[in-house]
Structure formats: C-alpha cells, structure tokens
Amino acid sequence: MKRDFIDLWDLTPEELWEIVKKTKNVKKGIENLGKPLEGKSIALIFTKPSTRTRVSFEVGIYQLGGNSMFFQEKDLQVSRGEDVKDTARTLSRYVDGVIVRNHSHKWLENFSEFASVPVINALTDMSHPCQILSDIYTLYETFGEEIKNLKIVYVGDGNNVCNTLIVGAGMFGLKLFVATPEGYEPNLLYYKRGLDFAKETGGEIEVMNNPIEAVKDADVIYTDVWISMGEGEKDLEVFKPFQVNESLLSYAKEDVKVMHCLPAKKGQEITEEVFEKNADFIFTQAENRLYVQKTLLAYIFIEPQA
Ligand code: CP
Ligand code: NVA
C-alpha cells in the first residue's frame, strides 16, 4: 500500500520517532540515505507561495537521486475545471509521488484518495506536518531526551501550524501549552487527536487564552503569523497581547528558545529585537526542514510497503 503523509498520524509515533532519530545521524553524516529516489520523479503542486518548503523539498529530492517537477496549480488543467480525481489518476501514471500545498485540506484528501502514489502535505489550511516533524527534530537535536520535560508554549493564532503542533505534542509525548485569543483557538479535531495521543504517550496539552500564564517558565516559545496565507483581514487588536516581545519573554525561563516556522511578520507576532536575538535558532529550524524531509522521503520510498 502507498504511504501518504497528509497528517502526522499517517505514521505511528514509533515511526515518527524513528525518522527524528535517524535524521540526527543523517545530519551528522554518520548515516547516508543513499539515492532511494534514483530514477523516480516527484511532482510538487502548489497553490500558495513557498520559500522553505519548495526549495528544501526540491534540493532534498535532487540529493536523494530523484527528479522534481514544480507546478503552480494554475499551470495544470485542474485550474480550468478538470476533476481533482482525474488529475490525481493521471499524474499517478507518470510520477512516483506528489507533494501538495493547497488552500483546502479537503482538496488534498480528495487528491490523495485517487492518487495511487504517495502524497505528501506541504501545507494546507488545516495542517503542516512536514514543518512540525522538522521542528520536533530541532528540539530533539537541541535537548535530546530532555525534550519530554520541556515546557513548550505556542503563542498566537490557532492555525495550521498550531493544529499540527498539538498533534505532534500528543504523538511525541511533549508538554505543550497553547495561548490564542478567544475565537482563534485551534481546530477541535486536531486538539482532540492530540489529547488522545497524549493519553497514550504521557504528553500534556493545554489550550488557554492567557499568554502570560502560558509562557510562565517556558523553555520554548513558538509563534507564527497572525494572518495565514489565504485568510482575509482580521482584527489584529485582539492579537496584540500575544506578541512575542521582551516583555512576554520576561515570564519565561531566561534561556528560553524562540521558534518561528517563517515567514515572519515582524512587528506583529514577534518583534524585530526578539527575532534577531533568536535568529540563529530560527534559521537552524528552517535548515532542518531539508534533513527531516530527506529522511521522510527515504522512509516513504524505501521502507517495505505494508
Ligand atoms: N515554513 C514554511 O513552510 O515556509 P514556506 O511557506 O516558505 O514554505
Ligand atoms: N500559518 C502560516 C504558515 C506558513 C508556513 C500560513 O499558513 O500562512
């Protein structure tokens, strides 16, 4: 059976841990992934802009010996009304895998149902699994087994990144606090899935509306834009207490690590000052997308198919 990666739960917690641990050896050069994509072509179909996801996947596919083909959705007949399922069935006859960034999670689910090759989610309105798998790797690389004892706090909009971080915390057994303005809480399905996994793994997930209470003694603070791609205008006033600035950081541990999936809107969810002080960690976070996605691709393409 083909292996999709639409949400983190498409792999088991054990498989996700295996990828994270393997990535450490891959990055250190202890383990070589070889060329599992030799002779294979992977299509990328994006309806939204991308810097990190697109480039890290294309470079990673090349390094694994494969060929990547990038399409804006407007280049394909689906933009003129061709059925999504026909697009999925056609592409499956040519390529060995498809990586999709789409405004609609449902579109992606529909596409993957009809594709006979593996489909990877490169971000939808609901989730961003490659990002969060990579971010959990970054924490593992930094803190090792201590990762489970960290207080990780997400501050800001309860968006796709937040939804997936909740599921990731549940699957990896992490302690996660989420602070969003009222009315901008994460999606209930992802929250429930996160809680269900947390029961099995010993993780803790708490969602609240008070950023100061949430960041108290935090080891890690994670934020993302207040307006995600494809969203209309929002009342940003309600987000202001959720800005990651020096004042908010004063409640966290002194050596708190600040994470941002990027792109950042400085002056909104994070100040320029806090961003620059943490730039090295934030760009390591971005760099790790390459290593984690290579390990993921190798896993999806060379592990025995069930
Ligand atoms: N973090 C992330 O997915 O970045 P891009 O939108 O640049 O791909
Ligand atoms: N929440 C952001 C993440 C960008 C990587 C967005 O969807 O625009």
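As a convention, each chain's residues are numbered from 1 in the sequence order in which they are written. Whichever chain is written first becomes A and whichever ligand is written first becomes 1, with later ones labelled in order. Given that this is a predicted model, residues contribute local features only at a pLDDT of at least 70 and side-chain atom pairs are listed and counted only at 80 or more, while totals for whole chains, interfaces and linings are drawn from all residues. Side-chain metrics rest on all non-hydrogen atoms present in the structure, leaving aside hydrogens and water.

Notes on the site of ligand 1
Then step 1. Distances are taken per atom, and a residue is near a molecule or strand as soon as one of its heavy atoms is within 4 Å of it. What surrounds ligand 1 is the set Ser50, Thr51, Arg52, Thr53, Arg101, His128, Gln131, Cys261, Leu262 and Arg289.
Then step 2. A distance of 2.8 Å is found between an oxygen atom of ligand 1 and a side-chain nitrogen or oxygen belonging to His128.
Then step 3. Surface accessibility follows the Shrake-Rupley procedure with a 1.4 Å probe radius. Residue values consider only the protein chains on display as shielding. Out of a free accessible area of 250 Å², ligand 1 has 96% covered by protein chains.
Then step 4. Class assignment for the residues of the shell around ligand 1 results in 2 nonpolar, 5 polar and 3 charged. The definition of a polar contact used here is a pair of N or O atoms within 3.5 Å, where within protein one atom must be able to donate a hydrogen and the other to accept one, and adjacent residues in sequence count solely through side-chain atom pairs. Amino acids outside the nonpolar list (Ala, Val, Leu, Ile, Met, Phe, Trp, Tyr, Cys, Pro) and the charged list (Asp, Glu, Lys, Arg) are all regarded as polar, and Gly is one of them.

Here we look at the state of the cysteines
Then step 1. We call a pair of cysteine sulfur atoms a disulfide when they lie within 2.5 Å. Counted under the stated rule, the structure contains 0 disulfides.
Then step 2. Left without a disulfide partner, Cys130 is nearest to the cysteine sulfur of Cys261, which lies 13 Å away.
Then step 3. Exposed residues in this analysis have more than 50% of their type's maximum accessible area, buried residues have under 20%, and partly exposed residues fall in between, with area computed by a 1.4 Å probe over protein chains only. Assessed through its relative accessible area of 1%, Cys130 is described here as buried.
Then step 4. In this structure Cys261 is not part of a disulfide, and its nearest cysteine sulfur, from Cys162, lies 11 Å away.

Side note on the packing of aromatic side chains
A ring pair, where both rings are aromatic, is described by two values, the distance of the centres and the angle of the planes.
Then step 1. Centres within 6.5 Å make a pair out of two Phe, Tyr or Trp rings, where for Trp the six-membered ring is used; the pair is then stacked when the planes are under 30 degrees apart, edge-to-face when over 60, and tilted otherwise. Per the stated rule, a full pass over the model turns up 9 aromatic pairs.
Then step 2. Note on Tyr154 and Tyr222: the rings are 5.9 Å apart at their centroids and 35 degrees apart in plane angle, and the pair reads as tilted. Of the two residues, Tyr154 is situated in strand 5 (residues 151-155) and Tyr222 in strand 8 (residues 220-223); the sequence distance between them amounts to 68 residues.
Then step 3. Residue Tyr154 is classed as buried on the basis of its relative accessible area, which comes to 0%.
Then step 4. Taken together, Trp17, Tyr140 and Phe172 form an aromatic cluster joined through their ring pairs.
Then step 5. Charges are assigned to positions over rings by a cutoff of 6 Å between ring centre and Lys NZ or Arg CZ, combined with an angular limit of 35 degrees from the ring normal. Positioned over the ring face of Phe70 is Arg54, at 3.4 Å from the centre of the ring.
Then step 6. A cation sits over an aromatic face here: Lys266 above Phe275, 4.2 Å from the ring centre. In DSSP terms, a helix is any run of H or I states spanning at least four residues, a strand is any run of E spanning at least two, and both are numbered starting from the N terminus.

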